[in-house]
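Residue strings, one per chain:
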Amino acid sequence: MVEPVDRSSVAAQRLGAPESFGVSTLEPGLRPPTQPPGRQVAIRVQMLDDTQEVFQISQRSPGKVLFDLVCVHLNLTEGDYFGLEYQDQRKMTVWLDLLKPTLKQIRRPKNTILRFVVKFFPPDHTQLMEELTRYLFALQIKQDLACGRLICNDTSASLMVSHIIQSEIGDFDETQSWQHLLHNKYLPDQDAIRDKITDCHRKLVGQTPAESDYQLLEIARRLEMYGVRLHPAKDREGTKLSLAVAHTGVLVFQGYTKINAFNWSKIRKLSFKRKRFLIKLRADPTNTHHDTLEFAMASRDCCKVFWKICVEYHAFFRLFEEPKPKPKAILFTRGSSFRFSGRTQKQIIDYVKDSELKKIPFERKHSKILSNSSMSPQSSSFRLNVPKEQSATSFPLADQPDSARLSLQAVNGTEELPAVVRPTNGFDGVSVAPSSEPTQSRQNHHSPGSALDQQLLNPGNPGSDDTPMGSPYMVVNGNGTVNDQDVRSTIILGAGPDGQQLSPLTSPLLTEAGYIRNDDEEEARRKKFPTDKAYFIAKELLTTERTYLSDLRVITESFQSAVGKDEAFPESVRNLISANYDPVYKFHQGFLKETEQRLAQWEGRSNAHIKGDYQRIGDVLLKNIQGLRQLTVHLQKHSECLVELERACRSNRKVETLCRDFEQQRVCYLLLNIFLLRPLHRLLHYKLILERLCKHYPPTHEDFRDCRAALADISEMVLQVQGTMMKMENFQKLLELKKDLTGIDELIIPGREFIRLGCLSKLSGKGLQQRMFFLFSDCLVYTSRGMTPLNQFKVHGQLPLYGMTIRESEEEWGVPHSFTLFEQRQSVVVAASCASEMERWVEDIRMAIDLAEQISSPNADLLATTLSENKLSEDLGAEQESEEELSSSRSSLERQGHRGNTTVHVCWHRNTSVSMVDFSIAVENQLSGNLLRKFKNSNGWQKLWVVFTNFSLFFYKSHQDDYPLASLPLLGYSVTVPSESENIHKDYVFKLHFKSHVYYFRSESEYTFERWMEVIRSATCSASRSLPTARKDLY
């Protein structure tokens, strides 16, 4: 029990907590264990805010009792990230063992102060669910900076200190901030960068303490020394080194520079003998290290202390649950009985998600602002607990060969691009004229639609047979019907100078069709409009709302019209969809109208443009989000609509045909199921927009209060639906893959989770053959592209993950980036396109194997395809997959519609892969708006309405169009800023390039430029996945 002292000094009272034991962090849902009888002993504990508290424990109580009392005292739910450390009689800093009696570890309790500090540092602070936990982590970072333990450059140090000061004293005031820095020491060499700190603090106006904690942790987690505690050691040659442990494994430092790292997956055993610390690695022919690495430490005790923390780190981040104690030996024991005690990170995240814990306000030291965890500034990645690091690797696949050369059909090929585009904000006066650029004639290339093709590509010269050199291919209008009539105008788009067709994933729309004549006029008109960042955030709301309403119209009008007259479609499903989507569509019609009116007033395009009265958007958002809350019952039914529609398709072949035919219509530019989930995704977009507004506005702004209130409401709605959303995203992805695969009986089975899909080369007797692999939580499926009407992928084999092992085997087979999968009946050797791609696959497969081993026995259903069938299909498939034959499969492509633009086909042609984490991030990163587009060798810019979603850019003539003219899948592309040598003398221009295909896009402002770069990078760069446990939680 806590020692009875003056009421005002009790921490629980100081934090505003109720007088209860709360929740034990070691036994979820239970009160702290009853203490053994006996004399009470007072133990002093120093908290992270430098206050000291006294706790009374029994003489015989284990360390767990004391630790639980501290966590309950703080009302801390996620206490397992923390620990109690102290100096023992040897003056060594050690952790309190939760299983041993406290007084057997602390010999002189009256003279010992335990410190409550962070013990386990997760790679991503978004995995910390509670604001109180993030606050305590921020205090730990503050301590590490002050004592010189967290080494970083001056820029990072200045940013972090500025966030600390913002959380303590609030907005920048020159006198107050200067005095605060004089009286508080945040860095050992603080005086040298004091001006830099104040400059950073000046830019944080309006940022709340919780947001400051969030940003502080965002910066800190990227530092190499984040969470690192160095343990001095020497190698075999006597070189002075330091060892450390992190969530990934054991690290080796020389000074403050990391020189080596040993991942947990490569470590077979950790041990120590006297003062030698031993790391035994798994057998690996590619490894240049010895199988056993030896480091000499100062003493046996130093070895044991480091070994213990390694054991705990491994268990906390890698295991699903707390390891069970070893049975006691009857005669004698061998080795240590030490084990990790407490919840693993997986258990903590599951517990917090599943529990509806009351958000209790708490008080921050030095801060006058009362924080409430319900107003968390956490980004939308909180929904997935996915690390999204800037260092995520981008793979421009310029060095990879095209897998095939495909022909493509265009349906409405006679429709010309407009000569003049109607003015819109930011790009007024943009006139479009035919290109005067010289073009190169096609060589030996004629098709029935070549004249039609030229009308689309060069409307100013419809009779010409010329086309711009290297104009790339893209999926256009995707289907073979015009007004539901079977009119098929097959054309071959984007031939190169050698007469061959170009890459199948580039666009005929992205060719020289028209350009701006007067850039000066465009610049002058653009300057008339508001330049405030809030205006462009509001404009993003408007543009994305237009796209969202258009997507809703696909369900409420187009789809219901297509199936409404057919008696085969179940009336119950039709009514379910109508009852739950029509009210949402009607509501957003009003929302869009109000947003358009407000933007018109903001821009001064109405009579009511009194400055200040209409230069805000928070009131519109607050009113409509409160109205949207009334539709929560409909939003929660949307997952049921998806399930019922799939059930109807499975039970009635005619219903399945109806849905498939609708997906071939131009208006259905994405899969039907994606449209059904759009309302849930839109909640995330509102949350992101409001977070940006709240960060931009100072607290004194008239719009700040409305935005904060709207953010609180939408955050609550997101929390209500996030569990359903994650399940439905997985279900929708399995449905999508079901359409792309043939030869597998049951893809959608209970408990199966999709993890990754992508292209790998499989080594067989005939050499390396391109295969498409699909990784699920229970099996690995490999396929090749078949010759079916929909170009589906034919399953060659299914490898159960239960009992599977994986080994890198580049040297063994002489194949770069190869690894071997060992299954009970066979082994498979595969190779990735590059080292980074191999690392992703190996990491995800190992994680999936860990998931599969949680099942007691392999699933017999996974072995439905026999080995003989697999072998037969393998041999048959090998005879039909040369690139020449794939590129000549025009007849199948003519029947294909826009199925060639699915993510599976893009990965096949671009020789890359995508994970479920990437799909989930793509849900958040959707954007719409006007962009100007220019080619590499052209002189002018063409204006287009562009929608970014599902890893692709979709191009329209205007936002009023019902369907896109073309699309550009971005997987494999690189996005950069043009160099000076490219002579792009315009602001806010970004460049997309893949192999020889280069496009320039120009946005209207710095804000929109940054947003387009941000969302496109999310499609061209894979998400960082440095913590396997976090990904297990996703699936």
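Source: prediction; values computed, not measured.

What counts and how
- Residues numbered from 1 in each chain as written.
- Predicted model: local features only at pLDDT ≥ 70, side-chain atom pairs only at ≥ 80, totals over all residues.
- Heavy atoms only, no water.
- Helix = DSSP H or I, 4+ residues; strand = E, 2+ residues; numbered from the N terminus.
- Expected span 1.5 Å × (residues − 1).
- Buried < 20%, exposed > 50% of the residue type's maximum accessible area, 1.4 Å probe, protein only.
- Salt bridge = Lys/Arg side-chain N within 4 Å of Asp/Glu carboxyl O.
- Axes fitted to C-alpha atoms, helices over the stretch in contact; angles between N-to-C directions.
- Left-handed = near helix turned anticlockwise from the far one by under 90°.
- Contact = heavy atoms within 4.5 Å.
- Pairing = 2+ DSSP bridges.
- Polar contact = N/O pair within 3.5 Å; in protein donor to acceptor, adjacent residues only side chain to side chain.
- 1 Å grid on protein atoms, 1.4 Å probe; cavity = no way out; pocket = protein on both sides within 12 Å on 5 of 7 lines; lining within 4 Å.
- Points joined across faces, edges and corners; volume = space filled by probe spheres on them.
- Parallel < 35°, antiparallel > 145°, perpendicular 65-115°, else oblique.
- Nonpolar A, V, L, I, M, F, W, Y, C, P; charged D, E, K, R; others polar.
- Core = buried A, V, L, I, M, F, W, Y, C linked by side-chain atoms within 4.5 Å.
- pLDDT = per-residue confidence, 0-100.

## Side note on helix H17 (residues 638-651)
When the terminal C-alpha atoms of H17 are compared, their 20 Å separation across 14 residues agrees well with the 20 Å that a helix rising 1.5 Å per residue should span. Regarding H17, the residues found buried are His638, Ser639, Cys641, Leu642, Leu645, Glu646, Ala648 and Cys649.

## Some remarks on unusual backbone geometry
At Asn950, a position not held by glycine, the phi torsion is positive, near 55°. Structurally, Asn950 is set in the loop between strand S27 (942-949) and strand S28 (952-956). Residue Asn950 is classed as partly exposed on the basis of its relative accessible area of 22%. A positive phi angle is found at Asn983, which is not glycine, with a value near 55°. Mapped onto the fold, Asn983 is located in the loop between strand S30 (974-976) and strand S31 (989-994). Here Asn983 falls in the exposed class, since its relative accessible area comes to 53%.

## Thoughts on the pattern of salt bridges
Within this structure, the stated rule accounts for 44 salt bridges. For Arg202, the salt bridge identified is with Asp199, shortest N-O distance 3.4 Å. Here Asp199 and Arg202 lie together in helix H7 (residues 194-202), a separation of 3 residues that amounts to about one turn. Judged by its relative accessible area of 41%, Arg202 is partly exposed. Accessibility expressed as a relative area gives 40% for Asp199, which makes it partly exposed. Ionic contacts of the salt-bridge type, sharing partners, join the residues Asp124, Glu218, Arg221 and Arg222 into one network.

## With respect to the packing of helix H20 (residues 678-696) against helix H21 (residues 704-740)
In contact at an axis separation of 8 Å, H20 and H21 are set at 150° when each is read in the N-to-C sense. Crossing of H20 over H21 shows left-handed handedness. Contacts between H20 and H21 involve Leu680, His681, Leu683, Leu684, Tyr686, Lys687, Leu690, Glu691, Leu693 and Cys694 on the former and, on the latter, Phe704, Cys707, Arg708, Ala710, Leu711, Ile714, Ser715, Met717, Val718, Val721, Met725 and Glu729.

## Overview of the sheet that holds S28
One open sheet accounts for 7 strands, arranged S29-S28-S27-S26-S32-S31-S30; its pairing is antiparallel. Two strands lie at the open edges of the sheet, namely strand S29 (966-969) and S30, each paired on one side alone. Adjacent strand axes in the sheet meet at a mean angle of 35° when their direction is disregarded. Across 7 bridges, the pairing between strand S26 (residues 927-935) and S27 is antiparallel. Bridging across to S27, Leu931 finds its partner in Leu944. Of the strands in this sheet, S26 and S27 are in contact with helix H13 (residues 533-564), which crosses S26 at around 95°.

## Some words on the side chain of Glu218
Secondary-structure assignment places Glu218 in helix H8 (residues 209-220). With relative accessibility at 15%, the residue Glu218 sits in the buried group. In terms of polar contacts, Glu218 uses its side chain to reach the side chain of His125, at 3.2 Å.

## Notes on empty space enclosed by the protein
Within this structure, the stated rule accounts for 16 cavities of 30 Å³ or more. In this structure, the second largest cavity occupies an estimated 200 Å³ of space. Contributions of two or more residues to the lining of the second largest cavity are made by H20, H21 and helix H28 (916-924). Broken down by element, the residue count for the lining of the second largest cavity peaks at 5 residues, all from H28.

## Notes on the sheet that holds strand S5 (residues 113-118)
Spatial strand order, S2-S1-S5-S3-S4: 5 strands in an open sheet with mixed pairing. If you trace the sheet from one side to the other, it starts and ends with strand S2 (52-58) and strand S4 (93-95), each paired once. Across the sheet, the axes of successive neighbouring strands diverge by a mean angle of 40°, strand direction being ignored. The sheet contact formed by strand S3 (residues 82-87) and S4 spans 3 bridges and is antiparallel. Bridging across to S4, Gln87 finds its partner in Thr93.

## Regarding the packing of helix H15 (residues 618-629) against H20
Two elements in contact, H15 and H20, have axes separated by 13 Å at closest approach and are oriented at 150°. When the axis of H15 is compared with that of H20, the two are roughly antiparallel. Pair H15 / H20 crosses with left-handed handedness. Note on element contacts: H20 touches H15 through Leu683, Tyr686, Leu690 and Leu693, opposite Leu621, Ile625 and Leu628. The residue makeup of the contact of H15 with H20, split by class, is 7 nonpolar, no polar and no charged.

## A word on the nonpolar core
Ranked by internal contacts, the top residues of the largest apolar core, which has 129 residues, are Leu693, Leu953, Leu992 and Trp1012. Counting residues in hydrophobic clusters, the runner-up holds 97 residues, among them Phe67, Phe116, Tyr186 and Leu243.

## Focus on the confidence of the model for the protein
Caution applies to low-pLDDT regions: their predicted coordinates should not be interpreted in detail. Residues at a pLDDT of 70 or more form 71% of the protein, whose mean pLDDT is 75. The low-confidence segment residues 607-611 (pLDDT under 50) makes 4 contacts with residues lying over four places distant or belonging to another chain.

## As for the pairing of S5
As paired elements, strand S1 (residues 40-46) and S5 share 3 bridges and run parallel to each other. The residue of S5 that forms the bridge with Val45 is Leu114. Where S3 lies against S5, 4 bridges are found, and the strand directions are antiparallel. Looking at the pairing, Phe82 lines up with Val118 of S5.

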